[in-house]
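# Chains, contacts and geometry: an overview
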Amino acid sequence: MNSEVKMSQTIIQKHLPVKAVSPADGHCFFGYFDKFATDEKDERILVHKVGFTARQPRLGDKALIGVIEGNDFTPVAETLAWNWQQGSMLQWFSRDSIIYNDLEGDTYVARIHNLVTGSRRTLCRPVYCLSPDRKWGLSLNFIRLDRERPGYGYSGLYDSGMGHGYPDFDGIWLIDIERNRSRLIISLAQMVELFPHDGMDHAVNWFNHLLISPDSKRFAFFHRWRVFGPWGAGICSHLTHMFTADLDGGNIYPLNLDEFSSHYAWVSPTQIINYSNRKATGNQYHLFTDRTDHVEVIARDVFPGDGHCTFSPDGKWMLSDSYPQKDSCRRLYLYDLMRCQAYEIGRFYADLQYPAPTRCDLHPRWFRNGRMISFDSIHEHRRRMYVMDLSEITGS
């Protein structure tokens, strides 16, 4: 479907060909949009493979980790620590090594697995994200996260902080990867004290969505707490404050305190693209400059709402998607940042019968060359990973 049709004054429909690259058996997915699924040469793609879908993983459910190269799928590991939205935090650690979270005994950990030698090193905590220089990792309480945000954490184990709204012994942990040591750098109690909000001190608090800047010096994170509404009386919801901080937890900066921040990505060492609310502009894709009040709106009122947004490696394009629209399809979008032109490059059916934590968002991810993308979808009634060549539009 390559015909070019004007959808509106702001979005051009130009659907590009897609190719399924994951095995046709089982259910395959990579996970989140904020990591490269491909190696440094874009030759190998990482993927999870499981035997079921449309239900939450239970303690003991395994996911197979594999590498796709050309038309071949090679299983390389298994993990007991995974979820539908972010997988096992699977990603490339180096040219020939991968990293993913796993369960060892009664403790969640991370594994660094060398694909050439088969050797495996275990880290003391599961990773949420890695620094680009691969010296540091950030971790949090995945059991607490699963309880408060099903689909993003790992379940089934005891959590000593279960009865605490904002413990001082739990929060964000910095992992020294070489020394295999970790320490608490920001606690939940600290954030409640430093940046209070009505009702926060009478609610369950948690951290989510940690990402380290491209220069490995700072990181961003969400502080969330439980509220009821606005979806109806007695219905659980949450509010969000977004922050940045030095990698050691110092110099915490309130990037957005307007109660709603969603998907984001660092686009430079000082800038973050984030779908969020600002009192002056409402819900938009906002480009924040760290440690300043400068905020720019990207593609104002162009897209139908929240999406998983990233910039291309050359900084010229924004890639995003949508949640299911009235036709039960998710959209895939590309936005020319210089010409301010939006394209709908794909439309994919979503089975709305899937429970929310098990949904299959597209989570579009760039190849490192900026010419291709990969994404997950169930439009063929099975979770699969797909790739798409953007060069017809981008010219790259």
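Our structure's up above, just so we're on the same page.
Within every chain, residues take consecutive numbers counted from 1 along the sequence as written. Selection of residues for local features in this predicted model requires a pLDDT of at least 70, selection of side-chain atom pairs for listing and counting requires 80 or more, and totals for whole chains, interfaces and linings are taken over all residues. To obtain the side-chain values, all non-hydrogen atoms of the structure were included, while hydrogens and water were left out.

### Let's talk about the overall build of the protein
A tally of regular secondary structure across the protein gives three helices and 30 strands. Throughout, the radius of gyration refers to the C-alpha atoms, and the reference size of a globule is 2.2 Å times the residue count to the power 0.38. Over its C-alpha trace the protein gives a radius of gyration of 20 Å, about what one expects of a compact globule, namely 21 Å for 396 residues. Throughout this description, buried means an accessible area under 20% of the type-specific maximum (1.4 Å probe, protein chains only), exposed means over 50%, and partly exposed covers the range between. For the protein, the residues scored as buried account for 59% of the 396 residues in total. What makes two residues a contact is simply this: any of their non-hydrogen atoms within 4.5 Å. Taking contacts inside the protein between residues at least 6 apart in sequence as the whole, the part at least 24 apart equals 49%. Placing the 44 positive and 47 negative side-chain charges of the protein at their respective mean positions leaves the two points 2 Å apart. Numbering of helices and strands runs from the N terminus, with a helix taken as a DSSP run of H or I at least four residues long and a strand as a DSSP run of E at least two residues long. His is not counted, nor are the chain ends; Lys and Arg add positive charge and Asp and Glu add negative charge. Note on charges: their place is set at NZ of Lys, CZ of Arg, CG of Asp or CD of Glu.

### Some thoughts on the sheet that holds strand β28 (residues 365-366)
Between any two strands, at least two bridges found by DSSP are needed for them to pair. As summarised here, the arrangement of the four strands in space is β3-β30-β29-β28, forming an open sheet in which the pairing is antiparallel. A strand with exactly one partner marks an edge of an open sheet, and here the two such strands are β3 (18-20) and β28.

### Structural notes on the sheet that holds strand β12 (residues 129-130)
In spatial order, the strands read β12-β13-β14-β15; together these four strands make up an open sheet with antiparallel pairing. Two strands bound the open sheet, and with one partner strand each, they are β12 and β15 (181-187). Across six bridges, the pairing between strand β14 (residues 171-176) and β15 is antiparallel. Opposite G171, over in β15, you have S187 as the bridge partner.

### Side note on the packing of aromatic side chains
Two rings from Phe, Tyr or Trp (for Trp, the six-membered ring) form a pair when their centres sit within 6.5 Å of each other. Planes less than 30 degrees apart are called stacked, planes more than 60 degrees apart edge-to-face, and all others tilted. Applying the stated criterion to the full structure yields 22 aromatic pairs. Geometrically, the ring pair formed by F142 and Y154 is stacked, given 4.6 Å between the ring centres and 10 degrees between the ring planes. Of the two residues, F142 sits in helix α1 (residues 142-148) while Y154 sits in the loop between α1 and β14, which places them twelve residues apart along the sequence. With a centroid separation of 4.7 Å and 50 degrees between ring planes, the pair formed by F195 and F243 is classed as tilted. Highlighted residues: F195 in the loop between α2 (188-194) and β16 (205-212) and F243 in strand β18 (residues 236-246), separated in sequence by 48 residues. Counting every residue linked through ring pairs, the aromatic cluster contains F260, Y275, Y285, F303, Y333 and Y335. Both a distance and an angle decide whether a charge sits over a ring: NZ of Lys or CZ of Arg must be within 6 Å of the ring centre and within 35 degrees of the ring normal. Between the NZ or CZ atom of R125 and the centre of the ring of W173, over which it lies, the distance is 4.3 Å. When the ring centre of F29 is taken as origin, the NZ or CZ atom of R383, which lies over that ring, is 5.9 Å away.

### Looking at the layout of surface pockets
Grid points spaced at 1 Å and placed over the protein atoms alone form the basis of the search, with a cavity being a set where a 1.4 Å probe fits but cannot get out and a pocket an open set showing protein on both sides within 12 Å along at least five of seven lines. Lining residues have an atom within 4 Å of a point. Grid points are joined across faces, edges and corners, and a volume is the space filled by probe spheres set on the points. By volume, the largest pocket amounts to about 910 Å³. Residue lining of the largest pocket: 30 residues in total, with D34, K35, F36, P132 and W266 positioned closest to the centre. Broken down by secondary-structure element, the contributors of at least two residues to the lining of the largest pocket are β8 (91-92), β12, β16, β20 (261-266), β24 (310-311) and β28. Looking at the lining of the largest pocket residue by residue, the classes come out as 16 nonpolar, seven polar and seven charged. Each residue is assigned to one class: nonpolar for Ala, Val, Leu, Ile, Met, Phe, Trp, Tyr, Cys and Pro, charged for Asp, Glu, Lys and Arg, and polar for all the others, Gly among them.

### Remarks on the state of the cysteines
The term disulfide is used for any two cysteine sulfur atoms that are within 2.5 Å. Here the structure, examined in full by the defined rule, presents zero disulfides. Left unpaired, C309 is separated from the closest cysteine sulfur, that of C340, by 16 Å.

### Details of the nonpolar core
L138, I172, I186, F219 and F221 are the most contacted members of the largest nonpolar core, which has 51 residues in total. At five residues, the largest contribution of residues to this core is made by β16. Each nonpolar core is a collection of buried residues, namely Ala, Val, Leu, Ile, Met, Phe, Trp, Tyr and Cys, held together in the definition by side-chain atoms within 4.5 Å. Counting 19 residues, the second largest nonpolar core, distinct from the first, contains V21, A37, V47 and V387.

### Examining the pattern of salt bridges
Where side chains of opposite charge bring their charged atoms close, a pairing between them can arise. By definition, a salt bridge exists where a carboxyl oxygen of Asp or Glu is found within 4 Å of a side-chain nitrogen of Lys or Arg. Under the definition given, this model contains 24 salt bridges. Where R331 meets D327, a salt bridge forms, and the shortest distance between an N and an O atom there is 2.6 Å. On the basis of relative accessible area, D327 is assigned to the partly exposed category, the value being 34%. For the salt bridge of E344 with R331, the shortest nitrogen-to-oxygen distance reads 3.7 Å. Of this pair, E344 sits in strand β27 (residues 341-349) while R331 sits in strand β26 (residues 329-336), and the two are 13 residues apart along the sequence. For E344, a relative accessible area of 0% translates into the label buried. Here the residues in one salt-bridge network are D327, R331, E344 and R347, joined through shared partners.

### Considering the pairing of β16
Working note: regular strand, side chains alternate between the two faces of the sheet. Most of β16 is tucked away: eight of the eight residues are buried. Direction of pairing for β16 relative to strand β17 (residues 218-228): antiparallel, over a ladder of six bridges. Across the sheet, residue N205 finds its bridge partner in β17, namely W225. Remark: five residues form the turn of the hairpin made by β16 and β17, two consecutive strands paired antiparallel; S216 in that turn has positive phi of roughly 65 degrees.

Everything listed is a geometric property; what it means functionally is a separate question.
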